[in-house]
Amino acid sequence: MNDPRFPRTVRTSCAYCGVGCGVAVELGPEGMRLAGDEAHPANAGRLCVKGSALGETLGLDGRLLAPQVRDAGGWREAGWDEALEKVAAGFRSVIERHGPDAVAFYVSGQLLTEDYYVVNKLMKGYIGSANIDTNSRLCMSSSVAGHKRAFGEDVVPGCYEDFDEADMVVLTGSNAAWCHPIIYQRIARRKPKVVVIDPRRTATCDIADLHLPIKPGTDVWLFNGLLTWLERHGHADDAWAGEHTAGREEALAAAAIEPEEVARVCRVPLDDVLAFYEAFGTTRKVVTAYSQGVNQSSSGTDKVSAIINCHLLTGRIGHPGMGPFSLTGQPNAMGGREVGGLANMLAAHMDLDNAEHRASVQAFWNSPRIAERPGLKAVDLFRAIESGQVKAVWVMGTNPVVSLPDADQVKRALDKCELVVVSDVVRDTDTNAHAHVLLPALAWGEKDGTVTNSERRISRQRAFLPAPGGARADWKIVCGVAQRMGYEGFGFDGPHAIFAEHAQLSAFGNRGARRFDLGPLAALGRAEYDALEPVQWPVTPAGGTARLYADGRFSHPDGRARLVPTPPRAPAHATGGEYTLVLNTGRMRDQWHTMTRTGKSPRLAEHTSESFIDMHPQDALLHAVREGELARVRSAWGEMVAKVRHSGGIPRGSVFVPIHWSGATASDARIGAVVNPVVDPVSGEPEFKHTPVTVEPFRVDWYAFILSRTPLPLERVTHWTRVQGDGYLRYELAGRGPLREPGQWARALLGAPPGDEADWLEYEDQCGGAYRAALMEDDRLAQCVFVSARPDLPERTWLGGLFASATLAPAERAALLAGQPLGGGKDGAIVCACFGVRSGTIARAIVDGGLSSVEAVTSCVRAGGNCGSCIPEIRTILAEPMRFA
Ligand code: SF4
């Protein structure tokens, strides 16, 4: 091998959650191999199933590779000069006519810090408005507000090693097993005492010693009760709290509540409440980790404060094995916070409402102006677009038509907007459909910069692929527009130069006032930046800092932390009238956000192929819907349709629907359209976990699925979902009106040649309402369709496997039409995506081998032996193997 570029290993970091795992990409002449980076402190070589599948998501299908402009004649490709000039002229024109607050940016926690830095600089320092908000508003802005109130700065005090040191971990509002799997596995390996607080019994409960399934929205009552109990039972650290905190009396007065009342309000047994309080009170090394179940609430900031209050009262903060810990959702939500990517923040942890800070940032940037007041937060921003107050918006790396609450309002807003610019890596998203200009951005593996994870650790994301087509780095696109708008200060020659400026600003006039300080990195040259090892801020000449506030000196001007009074209040919209159920939304194990990346991986698609409505069987009975059949979830804001499921983990009165499906992947499964748009009054974070809804039958006359090597147009089918298979696409369908001529219907839908020209196999059972057909091309399976009057269609897994065969033998053709694999037996759903092990394989191994533990299953069939995300599901199969065999 003579190519000097190979072999080499590029160390980068994962594109998904806020754990921020290191990824090692080995590049050789034969291709690439991707594994966990053993030298990265966040994961020490481990990756969850999503991280392991990153290599399967790098294809260029569906990518936006050249700027596009929409004018009277429709969409057309444009050169970069034309596209950038159109954006710059459009923004300039709106600003001249209506002022700087008439333009806005809506950006993303997927952006790199360098991208975030320049767009925030452009908006706040040059355009002179703070109308820039980020989708991080939707996941952790309540934590930001809670941190600022308590500590005086947006700081996560602890680090991941605290999970190794803790004697007790409280996981509240966090399905870490699915959403932060590497942290969850870290806890599970050492197994301290674990308390899970969650209305649902999730996979995270697998390691719980105590699960408190509190009534949705009652977290503040529970933690106020804990604060009261700790004080009354002598667990307060009077000396420490007296010296280092303020607000104790007011917080205790607002929190006062008896455990009996907590048990009644939260609807959990009193003994369990007391067991939690007793364990928390008597265990010094406690970490309370929380996530979207806490943040996404109309009282999210108070929930965060109620948790932090308990740690401040007991002095359990800043030392090994203890402290409140916000588990960040996105890979660079924290990086966005560092540069001031939220509408109510300035850069480098400085405040918009502080005149000295504003003057300092403006002086550092030498900018013509500086935003003087907070801008519009995400939900308000799209309201202002609809009302005409904001006339030009640039959406970067996010899909608000899917992800925002009351998502149909976002569609209406964008349709009314004078200029909608979207920079993205994907060509067809729900949001792009409403744009006037599309700008192709670099994706993971192509872009170069830094991200910051949940423990304040800055890591490099490094490019290992060439830029495809005309795609450009986000920072470069923004700088191109800024320069065309006539602004200086955007002549960066690479991300290292932006990072150096960002680091300089963090130290500028700081003198210890702000913990966010990267001063020693301010002089990094390109080579040092390229070689930068993961480091936790604040960065000192000696290196990074694992924990903060051990000295009891906080970031408020008087150095004291604040206990904040949190009088409890119910979710903004109560159930009642026709809306008797509470809708909760969240993530699935193997998908990420709107699936534009993870949706490309057949392996990831198998765990949960379609959206669903998880509800209690008794609620299903009351609402006349049945498991496996389609139903509609409807609120006062909108509706969506999916199949009913009984996971067994959901309490009566609640339904859960995943967030991932969009208009691009399903006809009618955008749950954002149903979610109420009420927000927390302090943080502006929407209440994704509590929308009053009803569920009603969605009547169809037939169910079907199609597997096809080529994409199919399905606009006329009542309900559809598209799933990526290995070498084929799978369509789940349902329709209204009887299929009187299913053969004709199937041929037309599949585009099969007429009559005998096609190698067309078919089977029809008119009495049973079943129809099956397959189109063969050169003895190879090209397409197949299965139709039934009932939803219980044959298993798709083994049928999908037939697409890997070069030819089908006669027996396989017969089995195909019979809908039964040769030899029988169920493959079942994928359980272990790392090794591709299905439920049927695991169940048969358990039955045949008499296996009785997860370890035995792992050593027999490998399932559970890598990331461990599937261990809770293996336990479920161990409990009832015959159901899956
Ligand atoms: Fe990526 Fe998060 Fe999984 Fe780590 S835990 S590999 S950061 S998705």
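The rules we used
- Residues numbered from 1 in each chain as written.
- Predicted model: local features only at pLDDT ≥ 70, side-chain atom pairs only at ≥ 80, totals over all residues.
- Heavy atoms only, no water.
- 1 Å grid on protein atoms, 1.4 Å probe; cavity = no way out; pocket = protein on both sides within 12 Å on 5 of 7 lines; lining within 4 Å.
- Points joined across faces, edges and corners; volume = space filled by probe spheres on them.
- Nonpolar A, V, L, I, M, F, W, Y, C, P; charged D, E, K, R; others polar.
- Near = heavy atom within 4 Å.
- Sits in = over half its atoms within 2 Å of the grid points.
- Helix = DSSP H or I, 4+ residues; strand = E, 2+ residues; numbered from the N terminus.
- Buried < 20%, exposed > 50% of the residue type's maximum accessible area, 1.4 Å probe, protein only.
- Pairing = 2+ DSSP bridges.
- Axes fitted to C-alpha atoms, helices over the stretch in contact; angles between N-to-C directions.
- Arc of directions from axis to C-beta.
- Contact = heavy atoms within 4.5 Å.
- Phe/Tyr/Trp six-rings, centres within 6.5 Å; stacked < 30°, edge-to-face > 60°.
- Lys NZ or Arg CZ within 6 Å of the ring centre and 35° of its normal.
- Core = buried A, V, L, I, M, F, W, Y, C linked by side-chain atoms within 4.5 Å.
- Salt bridge = Lys/Arg side-chain N within 4 Å of Asp/Glu carboxyl O.
- Polar contact = N/O pair within 3.5 Å; in protein donor to acceptor, adjacent residues only side chain to side chain.
- Disulfide = S-S within 2.5 Å.

1. Details of empty space enclosed by the protein
Inspection of the entire model under this criterion finds five cavities of 30 Å³ or more. A volume near 80 Å³ is recorded for the largest cavity. Every residue lining the largest cavity is listed: Cys 14, Tyr 16, Cys 17, Val 19, Gly 20, Cys 21, Leu 47, Cys 48, Gly 51, Pro 181 and Ile 182. Per-class residue counts for the lining of the largest cavity are nine nonpolar, two polar and no charged.

2. A word on the site of the ligand
Surrounding the ligand, one finds Cys 14, Tyr 16, Cys 17, Val 19, Gly 20, Cys 21, Leu 47, Cys 48, Lys 50, Gly 51, Pro 181 and Ile 182. Taking a 2 Å distance to the grid points as the criterion, the majority of the atoms of the ligand fall inside the largest cavity. Going through the elements one at a time, helix H1 (49-52) and helix H7 (181-190) are the ones with two or more residues in the shell around the ligand.

3. Examining the side chain of Ser 174
Within the secondary structure layout, Ser 174 lies in the loop between strand S8 (168-172) and helix H6 (176-179). Under the relative-accessibility criterion, Ser 174 is labelled buried at 2%.

4. Focus on the sheet that holds strand S15 (residues 419-424)
As summarised here, the arrangement of the seven strands in space is S5-S4-S16-S15-S14-S6-S7, forming an open sheet in which the pairing is mixed. The sheet is open, and its two edges are formed by strand S5 (74-77) and strand S7 (132-134), each paired on a single side. In this sheet, neighbouring strand axes are inclined to one another by 15° on average, regardless of whether the strands run parallel or antiparallel. Inspection of the sheet shows strand S6 (residues 103-107) paired to strand S14 (residues 392-396) by four bridges, in the parallel sense.

5. Brief notes about helix H25 (residues 742-750)
Listed as buried for H25 are Pro 742, Gly 743, Trp 745, Ala 746, Leu 749 and Leu 750. Down the axis of H25, the buried set is contained in an arc of 160°. They therefore lie on one face. Exposed and facing more than 90 degrees away from the buried side of H25 are Gln 744 and Ala 748. Of the surrounding secondary structure, the elements contacted by the buried residues of H25 are strand S27 (702-708), strand S29 (729-735), strand S30 (759-765), strand S31 (770-777) and strand S32 (780-788). Directly after H25, the chain includes Gly 751, whose backbone phi takes a positive value near 70°.

6. Comments concerning the packing of aromatic side chains
Inspection of the entire model under this criterion finds 26 aromatic pairs. For the pair Tyr 126 and Tyr 487, a centre-to-centre distance of 5.5 Å together with 55° between the ring planes defines the contact as tilted. In this pair, Tyr 126 sits in helix H3 (residues 113-127) while Tyr 487 sits in the loop between helix H20 (474-484) and helix H21 (495-507), placing the two residues 361 residues apart along the sequence. Seen from their ring centres, Phe 223 and Phe 276 are 6.1 Å apart, and the 85° between their planes marks the pair as edge-to-face. Here Phe 223, found in helix H8 (residues 219-232), pairs with Phe 276, found in helix H12 (residues 270-282); they are 53 residues apart in sequence, far enough to count as distant. For the pair Phe 223 and Phe 276, one class covers both residues: buried. Among the aromatic residues, those joined into a cluster by ring pairs are Phe 223, Trp 229, Phe 276, Tyr 277 and Phe 280. One cation-aromatic arrangement involves Arg 645 over Phe 612; the distance from NZ or CZ to the ring centre is 3.9 Å.

7. Some thoughts on the nonpolar core
Counting 194 residues, the largest nonpolar core has Phe 91, Phe 105, Phe 276 and Trp 394 as the members making the most contacts within it. Leave out the neighbours within four places in its chain, and Phe 105 touches Phe 91, Val 119, Leu 122, Met 123, Ile 127, Asn 131, Ile 132, Asp 133, Leu 381, Trp 394 and Met 396. Grouped together as the second largest cluster of nonpolar side chains are 47 residues, Val 401, Leu 583, Val 633 and Phe 688 included.

8. Section: the sheet that holds strand S28 (residues 719-724)
Taken in spatial order, the six strands line up as S28-S29-S27-S32-S31-S30 in an open sheet, and their pairing is antiparallel. Pairing within the sheet leaves two strands with one partner each, and these edge strands are S28 and S30. Across this sheet, the average inter-strand angle for adjacent strands is 10°, counted without regard to direction. Across the sheet, H25 lies against S27, S29, S30, S31 and S32, angled at about 140° from S30, the strand it touches most. With respect to the sheet, helix H27 (residues 810-818) is in contact with S30, S31 and S32, its orientation differing from that of S30 by roughly 40°.

9. Thoughts on the pattern of salt bridges
Considering all chains together, one arrives at 56 salt bridges under this definition. With a closest N to O distance of 2.7 Å, Asp 302 and Arg 149 form a salt bridge. In this pair, Asp 302 sits in helix H14 (residues 300-313) while Arg 149 sits in helix H4 (residues 141-151), placing the two residues 153 residues apart along the sequence. Under the relative-accessibility criterion, Asp 302 is labelled buried at 10%. Residues Asp 551 and Arg 553 are paired through a salt bridge, measuring 3.9 Å at the closest nitrogen-oxygen approach. Taking relative accessible area as the criterion, Asp 551 reaches 48% and is therefore assigned partly exposed.

10. Let's talk about the pairing of strand S18 (residues 457-461)
Taken across its five residues, S18 has five buried, putting it largely inside the fold. Side chains Arg 457, Ser 459 and Gln 461 of S18 all project onto a buried face; the interleaved residues Ile 458 and Arg 460 project onto the opposite face, where all are buried too. Inspection of the sheet shows strand S17 (residues 449-452) paired to S18 by four bridges, in the antiparallel sense. Residue Gly 449 lies in a different strand from S18, and its bridge partner there is Gln 461. Here S17 hands over to S18 after four residues, with Arg 456 in that stretch at a positive phi of 70°.

11. A closer look at the environment of Tyr 116
Among the structural elements, Tyr 116 can be located in helix H3. Assessed through its relative accessible area of 0%, Tyr 116 is described here as buried. Put simply, Tyr 116 and Gly 336 are 220 residues apart on the chain and 6.1 Å apart in space, counted from C-alpha to C-alpha. Contact partners of Tyr 116, with chain neighbours within four places excluded, come to Val 107, Ser 108, Gly 109, Leu 111, Thr 134, Ser 136, Asn 332, Gly 335, Gly 336, Val 339 and Gly 341. Here Ser 108 takes part through its backbone oxygen, which lies 3.1 Å from a polar atom of the side chain of Tyr 116.

12. Remarks on the state of the cysteines
Following the criterion strictly, the structure yields zero disulfides and no others. Left unpaired, Cys 159 is separated from the closest cysteine sulfur, that of Cys 21, by 15 Å.

13. Thoughts on unusual backbone geometry
The peptide bond linking Trp 537 to Pro 538 adopts the cis configuration, its omega dihedral lying at 0°. Position of Pro 538 relative to the elements: it lies in the loop between strand S19 (535-536) and strand S20 (561-562). Unlike most non-glycine residues, Arg 267 shows phi in positive territory, near 60°. Relative to the elements of secondary structure, Arg 267 occurs in the loop between helix H11 (259-266) and H12. With a phi angle near 60°, Ala 624 is a residue other than glycine that sits in the positive phi range. Position of Ala 624 among the secondary structure elements: in the loop between helix H24 (617-622) and strand S23 (630-634).

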